[in-house]
Amino acid sequence: MVGPCVFISRSNLPSIIYAELNKLPIEIRMWKETGPMWSKQASPPREVWVEMFRNCVGAIVTLGDTIGRSLINEASKLFVISTYSVGIDHIDVKAATERGIYVTHTPEVLVEAVADLAMGLLIALARKIVLGDRMIRAGEIHDKWGWLLGNDVHGTTMGIIGLGNIGAALARRARAFNMKVIYWSRTRKPQIEFALGIEYRPLESVLNEADYVMVTIAASPETRHLINEERLRLMKKSAYLVNVARGDIVDTKALVKALREGWIAGAALDVFEEEPLPSNHELTKFDNVVLVPHIGSATYETRERMAEVTVRNLINVLMGKRPLYLANPEVLSVRPLQALL
């Protein structure tokens, strides 16, 4: 006998999700359209969401799916939303909590992959790796051989904005390059300071002192445009900005102005206020900017682990067990866990 239904918003997620759900008395309902799993263009239309939220007990979603209050208000049977991401800013968690809907996510499993990418972006900026590649492909390098000078990484100062798991992992990598590491976080972390030999600074001091400013802070209404025109002007003209957190933490218009007027030496971005970034965007016109399409967690190994956590979170809730990672623990007092399977 087929049990309650679970909706999956993408048909191209790792196969372990479907394999684990197929072991249970669950009807899987899946949006068949394929496309980039993070893209809003590939997300199901609203009428599909409404139907599924009215009839299914669980949903597996991605960053490309916007789950707002008006949609959550349609969720008459929904018990859990399990997002295949660490970020939850695409879900109205407050509205979900009010309706007793559990919201789960996948932190920690992607920490090392994102930190690897952040360090790679830093080095690509400092040593002009992407620009050099572009020049070779365009046949320009022979006229400018020996001209492509970059900056040292070893012995410089890294400033980390947000010392969560990713920030700490990045600090460990920076210490391997003999970099001095300073940081600002909304909560000071003295134990990590001691363990890694790094130093706390006020935000303005981090921006003043760092050769490489690394944005790894979690997104929230309070962090929107945290890096704005005023704070970009605090950076050294020789400093670089790297953002692997969320696009709206950096004011894009202010960043373009900073690059155009030379307040900073360059930037590398994995995330944008508008995703996907249009190919004709102003940011694409700068040689001192490296752009990658939100690939912080995009390794085979990490995405597989994310899928394992995503499906385990959902199954745990449906079986009346606490999920591995609950984004809204307040929901426990609104609707206690109960076995639905």
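In this text the structure is predicted, and so the values were computed from the model without any measurement. Residue indices begin from 1 for each chain and proceed along its sequence in written order. The predicted nature of this model means local features are confined to residues of pLDDT at least 70 and side-chain atom pairs, given and counted, to a pLDDT of 80 or more, with totals for whole chains, interfaces and linings taken over all residues. Only hydrogens and water are set aside; all other atoms, that is, all heavy atoms of the structure, feed into the side-chain values.

Draft legend 1. Summary view of the environment of arginine 188. If you trace the backbone, arginine 188 turns up in the loop between strand 7 (180–184) and helix 8 (190–196). Every residue pair with non-hydrogen atoms within 4.5 Å of one another is taken to be in contact. In contact with arginine 188, not counting residues within four places along its chain, are Tyr183, Glu193 and Tyr200. Under this definition, polar contacts are N or O atom pairs within 3.5 Å; protein pairs additionally need one hydrogen-donor-capable and one acceptor-capable atom, and for neighbouring residues in sequence, both atoms have to be side-chain atoms. A distance of 2.8 Å separates polar atoms of two side chains, one belonging to arginine 188 and the other to glutamate 193. The helix count covers DSSP runs of H or I at least four residues long, the strand count covers runs of E at least two residues long, and both are numbered beginning at the N terminus.

Draft legend 2. Structural view of the environment of glycine 64. When you line up the elements, glycine 64 lands in the loop between strand 3 (58–61) and helix 3 (69–72). Residues glycine 64 and histidine 90, 26 residues apart in the sequence, show an inter-C-alpha distance of 7.7 Å.

Draft legend 3. Local environment of the sheet that holds strand 3. A pair of strands is labelled paired if DSSP reports no fewer than 2 bridges between them. With respect to topology, five strands assemble into an open sheet ordered 2-1-3-4-5, the strand pairing being parallel. Looking at which strands have only one partner, the edges of the open sheet turn out to be strand 2 (27–30) and strand 5 (102–104). Taking each pair of neighbouring strands and ignoring which way they run, the sheet shows an average axis angle of 15 degrees. Running over the sheet, helix 2 (residues 46–55) touches strand 1 (5–8), strand 2, strand 3 and strand 4 (80–83) and is turned about 150 degrees from strand 1. Axis lines are fitted to C-alpha atoms, over the contacting stretch for helices. Their N-to-C directions set the angle, which ranges from 0 to 180 degrees. Its contacts with the sheet place helix 12 (residues 300–318) against strand 1, strand 3, strand 4 and strand 5, and it is angled at close to 165 degrees to strand 4.

Draft legend 4. The arrangement of the pattern of salt bridges in detail. We define a salt bridge as a side-chain nitrogen of Lys or Arg found within 4 Å of a carboxyl oxygen belonging to Asp or Glu. Enumeration according to the criterion identifies 22 salt bridges in this entry. Its salt-bridge partner being glutamate 209, residue arginine 201 comes within 3.0 Å of it at the nearest N-O pair. Judged by its relative accessible area of 16%, arginine 201 falls in the buried class. Salt-bridge contacts for glutamate 273 lead to arginine 224; the nearest nitrogen and oxygen are separated by 4.0 Å. Placement of the pair is glutamate 273 in the loop between strand 11 (266–269) and strand 12 (289–291) and arginine 224 in the loop between strand 9 (212–215) and helix 10 (229–232), with a sequence separation of 49 residues. Residues joined by salt bridges that share partners form a network here, namely Arg69, Asp92, Lys94 and Glu98. Each residue is placed in one exposure class: buried if its accessible area under a 1.4 Å probe, protein chains only, is under 20% of its type's maximum, exposed if it is over 50%, and partly exposed if it falls in between.

Draft legend 5. Broad picture of helix 7 (residues 165–176). In a helix, the anticipated span is given by 1.5 Å times the number of residues less one. With 12 residues, helix 7 extends 17 Å between its outermost C-alpha atoms, agreeing within 8% with the 16 Å of an ideal straight helix rising 1.5 Å per residue. Among all positions in helix 7, only Ile166, Gly167, Ala168, Ala169, Leu170, Ala171, Arg173 and Ala174 are buried. Buried residues in helix 7 make contact with helix 5 (111–126), strand 6 (157–161), strand 7, helix 8 and strand 9. Asparagine 178 sits one or two residues past helix 7 and shows a positive phi near 60 degrees.

Draft legend 6. Fine view of the packing of aromatic side chains. Planes of paired rings set the category: under 30 degrees apart is stacked, over 60 is edge-to-face and the rest tilted, where pairs are Phe, Tyr or Trp rings (Trp by its six-membered ring) whose centres lie within 6.5 Å. Counted by the stated rule, this structure contains five aromatic pairs. Centroid distance phenylalanine 7 to tryptophan 49: 5.3 Å. Interplanar angle 85 degrees. Geometry classified as edge-to-face. With phenylalanine 7 in strand 1 and tryptophan 49 in helix 2, this residue pair connects regions lying 42 residues apart in the sequence. In this structure, phenylalanine 7 and tryptophan 49 share a single accessibility class: buried. Their ring planes at 85 degrees and their centres at 5.6 Å tell us that tryptophan 49 and phenylalanine 53 sit as a pair that is edge-to-face. With tryptophan 49 and phenylalanine 53 both in helix 2, this residue pair falls four residues apart, about one helical turn.

Draft legend 7. Focus on the UniProt feature "domain: D-isomer specific 2-hydroxyacid dehydrogenase catalytic" (unreviewed entry) in the protein. UniProt positions are given in the numbering used here, feature names are shortened, and annotations may be inferred rather than shown by experiment. Per the UniProt entry, the sites bearing "domain: D-isomer specific 2-hydroxyacid dehydrogenase catalytic" (unreviewed entry) are residues 43–326 in this numbering. Annotated as residues 43–326, this span is 37% helix and 13% strand, and its ends, taken at the C-alpha atoms, are 23 Å apart.

Draft legend 8. Quick peek at empty space enclosed by the protein. Method remark: on a 1 Å grid restricted to protein atoms, a set of points is classed as a cavity if a 1.4 Å probe fits but cannot get out and as a pocket if it is open with protein on both sides within 12 Å along at least five of seven lines; lining residues have an atom within 4 Å of a point. Grid points are joined across faces, edges and corners, and a volume is the space filled by probe spheres set on the points. Applying the stated rule across the entire model yields one cavity of 30 Å³ or more. In this structure, the largest cavity occupies an estimated 60 Å³ of space. As for the largest cavity, its lining consists of Asn243, Gly247, Val250, Thr252, Leu255, Leu269, Val271, Phe272, Glu273 and Leu283. Here the term charged refers only to Asp, Glu, Lys and Arg, the term nonpolar to Ala, Val, Leu, Ile, Met, Phe, Trp, Tyr, Cys and Pro, and the term polar to all other amino acids, Gly among them. Here the residues of the lining of the largest cavity are counted per class, giving six nonpolar, three polar and one charged.

Draft legend 9. Summary view of the pairing of strand 4. In strand 4, alternate side chains face the same way, and those of Val80 and Ser82 on one face and Ile81 and Thr83 on the other are all buried. Pairing of strand 3 with strand 4, which is carried by four bridges, proceeds in the parallel orientation. Its bridge partner being in strand 4, isoleucine 60 is matched across the sheet by serine 82. Sheet analysis places strand 4 next to strand 5, joined by three bridges and oriented parallel. Bridge pairing in strand 5 places valine 80 opposite tyrosine 102. This β-α-β element, strand 4 to helix 4 (residues 93–98) to strand 5, shows right-handed connectivity. When the strands point away from the viewer and the path from the first strand over the helix to the second turns clockwise, the crossover is right-handed.

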